[in-house]
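Now for the letters of each chain:
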Amino acid sequence: MRRTRKAQSVHAAKVREVANRYKRERWKVKADLPGFKEPRTVYGNRPDIIARKGQKTRLIEVETRKSMTTDTAQRATFQRYANLSPKISFKTLIAKRRR
């Protein structure tokens, strides 16, 4: 889904915030942002963040309010992948504009 410039900026800021938080917690982080290694695709879709620590893997997708209603198939794909193992989890976060 194509986002407006403003929505993309809000989205990227949230992805960076979450990726940096996981890094501070000593997870190995790949994020779909400049300055990070790119996460691999999962069934043809690239999550915003893949974080690994020990045997745990977290797939994280950041959405805007608009993309929450349009990117449902992608999120279903990530959830289906996470359901394959109790060591994998999937989380969706909403990026909100700061006021």
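Residue positions are given per chain, counted from 1 along the sequence in the order it is written. Given that the model is predicted, a residue must reach a pLDDT of at least 70 before its local features are reported, and side-chain atom pairs must reach 80 or more before they are shown or counted; all residues, however, enter totals for whole chains, interfaces and linings. Computation of side-chain values: all heavy atoms of the structure, hydrogens and water removed.

1. Concerning the pattern of salt bridges
- The term salt bridge refers to a side-chain nitrogen of Lys or Arg lying within 4 Å of a carboxyl oxygen of Asp or Glu. The full count for this structure, using the stated rule, is three salt bridges.
- Of the charged contacts in the structure, one is a salt bridge between R46 and E38, with a shortest N-O distance of 3.5 Å.
- The partner of R75 in a salt bridge is E63, with the nearest N and O atoms 3.3 Å apart. With R75 in helix α3 (residues 72–82) and E63 in strand β3 (residues 56–63), this residue pair connects regions lying twelve residues apart in the sequence. Only DSSP runs of H or I covering at least 4 residues are called helices, and only runs of E covering at least 2 are called strands; the numbering of each starts at the N terminus.

2. Focus on the packing of aromatic side chains
- For Phe, Tyr and Trp, rings pair up if their centres lie within 6.5 Å, where Trp contributes its six-membered ring, and each pair is then called stacked (planes under 30 degrees apart), edge-to-face (over 60) or tilted (otherwise). Enumeration according to the criterion identifies three aromatic pairs in this entry.
- Ring centres 5.3 Å apart and planes at 80° place the aromatic pair Y22 and W27 in the edge-to-face group.
- Burial status follows relative accessibility: with a 1.4 Å probe on protein chains alone, a residue under 20% of its type maximum counts as buried, one over 50% as exposed, and anything between as partly exposed. For Y22, a relative accessible area of 3% puts it in the buried group.
- For W27, a relative accessible area of 9% translates into the label buried.

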